[in-house]
Amino acid sequence: MLLSRSCATILLVALPLIAQADQTTEARALASQMIQQLGAALKKELAANGPDGAVSVCRDIAPAIAGELSRKSGGRVARVSFKTRNPLLGDPDVWEQQVLAEFDRRAAAGEKVESLEYSETVDEPRGRYFRYMKALPVQPLCLSCHGTAENIPDQVKAKLAIDYPHDHATGYAPGQVRGAVTIKQPVGTVQ
Ligand code: HEC
C-alpha cells in the first residue's frame, strides 16, 4: 500500500516531466527545420542574386516557412528578437523577452549561442502551453542585412528603407544573439 502510494507519487511527478521531454524533442526538430529551410533558401538566393535579391527571401519566405510549420504542428512557430525588423511578426511577448534576456546573459557569460535553448510548460488564462525557444547566432552570412552600416551594401540599405522604415535589426556583430525561433503549443484542451 505504502509502496503503491509512493509509486503513484513518483508517476505524478515524473509523467509531466517525461511529456515535457518529448515535447522538447519535437520542438527542437521543428526549430531545426525552420533554421535549415530558411538557411538553404537564403544561401541559394545570396549566391544567385546577391544580398539585395535575398532581402525578398527573408521578407516572403521566412514568414511562409514559419506559417507552414505552425499549421503542421498545431501551434505557433515564429522568429522573435529584441531589435525587430518586422514588428508585426517578430515582437517577443513577456515570456519570450525573459528568455531572450537570459540568452543574452548566458552568451555574455561565455556559452555558445548556437547551443542556447529553453523550454517550459506555462499556465495562462486560456490554458496550459508548452513553450520552447532556440537562440539564433549572428553569423558572417547575416551581416550584409543585419550588420553595421559598413557591412550593409547601399542597394540593401535602399531596399530595407522601403520595406522596413522602422527597422531596428542592424548593428550586429558575429557571435551575438540575433533573436530566437519560438514555439508555442497548447497542452490538453484550450477553450
Ligand atoms: C538578405 C538579407 C538578410 C540576411 C542575409 C539575413 N536576414 Fe534576417 N531578416 C531579413 C529581413 C528582410 C527580415 C524581416 C523578415 C520579415 O518581414 O518577417 C529579417 C528578419 C530576421 C529575424 C526576425 C526578427 C525581426 O527582426 O523581424 C531574425 C531572427 C533574423 N532575421 C535572423 C537572421 C540571421 C540569424 C541571419 C543569418 C543567418 C539573417 N537573419 C540573415 C533579411 C536578412
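Residues numbered from 1 in each chain as written. Predicted model: local features only at pLDDT ≥ 70, side-chain atom pairs only at ≥ 80, totals over all residues. Heavy atoms only, no water.

**Q** A description of the nonpolar core should follow, citing residues and the corresponding values.
**A** Membership of the largest hydrophobic core comes to 15 residues, with the highest contact counts inside it found for Met34, Leu69, Val77, Tyr132, Val181 and Ile183. Those elements that place two or more of their residues in this core are α1 (2-73), β3 (127-137) and β4 (177-187). Sorting elements by how many residues they give to this core places α1 first, with nine residues. Formed by 13 residues, the second largest nonpolar core is a distinct cluster that contains Val80, Leu100, Met133 and Val177. (Core = buried A, V, L, I, M, F, W, Y, C linked by side-chain atoms within 4.5 Å. Buried < 20%, exposed > 50% of the residue type's maximum accessible area, 1.4 Å probe, protein only. Helix = DSSP H or I, 4+ residues; strand = E, 2+ residues; numbered from the N terminus.)

**Q** How would you explain the pairing of β4 if you had to name every residue and give the values?
**A** In terms of residue burial, β4 counts as a mostly covered element, since nine of its 11 residues are buried. Note that strand β1 (residues 76-80) and β4 share five bridges and pair antiparallel. Across the sheet, the residue bridging to Val77 is Ile183, located in β4. (Pairing = 2+ DSSP bridges.)

**Q** Please provide a residue-by-residue account of the site of the ligand, values included.
**A** Residues in contact with the ligand amount to 21 residues; listed here are only the nearest, Cys142, Cys145, His146, Tyr164 and Arg178. The contact in question runs from an oxygen atom of the ligand to an N or O atom on the backbone of Arg85, over 2.7 Å. Those elements that provide at least two residues to the shell around the ligand are α1, β3 and α4 (143-146). Residues that form the shell around the ligand fall into these classes: 14 nonpolar, three polar and four charged. (Near = heavy atom within 4 Å. Polar contact = N/O pair within 3.5 Å; in protein donor to acceptor, adjacent residues only side chain to side chain. Nonpolar A, V, L, I, M, F, W, Y, C, P; charged D, E, K, R; others polar.)

**Q** Report on the coordination of the iron atom of the ligand, specifying residues and quantitative values.
**A** Ideal geometry at a metal centre gives angles of 109.5 degrees when four donors are arranged tetrahedrally and 90 or 180 degrees when six donors are arranged octahedrally. When only protein atoms are considered, the iron atom of the ligand has one donor, His146 (NE2), at a distance of 2.1 Å. Within the secondary structure, His146 sits in helix α4. (Donors = N, O, S within 2.8 Å, 3.2 Å for Na, K, Ca; no water.)

**Q** Now, about the pattern of salt bridges: what can you tell me, with residues and values included?
**A** Close approach of charged atoms allows side chains with opposite charge to pair. Enumeration according to the criterion identifies 14 salt bridges in this entry. Note that Asp93 is salt-bridged to Arg131, the shortest N-O span being 3.0 Å. Taken as a pair, Asp93 in the loop between α2 (87-90) and α3 (94-108) and Arg131 in strand β3 lie far apart in primary sequence, 38 residues in all. You can call Asp93 partly exposed: its relative accessible area is 29%. Residue classification places Arg131 among the buried residues on the basis of a relative accessible area of 1%. A salt bridge links Glu102 to Arg105; the shortest N-O distance between them is 2.8 Å. One end of the pair is Glu102 and the other is Arg105, both in helix α3 and three residues apart, which spans about a single turn. Where salt bridges share partners, they join Arg76, Asp93, Glu96, Glu124, Arg131 and Lys184 into one cluster. (Salt bridge = Lys/Arg side-chain N within 4 Å of Asp/Glu carboxyl O.)

**Q** Lay out α3 in plain terms, naming residues and giving numbers.
**A** Relative to the 21 Å expected for 15 residues at 1.5 Å per residue, α3 spans 21 Å between its end C-alpha atoms, a close match to the ideal helical length. For α3, the full list of buried residues reads Trp95, Glu96, Val99, Leu100, Phe103 and Arg106. Buried residues of α3, viewed axially, fall in a sector of 130°; they line one side. Along α3, exposed side chains directed more than 90 degrees from the buried face belong to Val94, Gln98 and Ala108. (Expected span 1.5 Å × (residues − 1). Arc of directions from axis to C-beta.)

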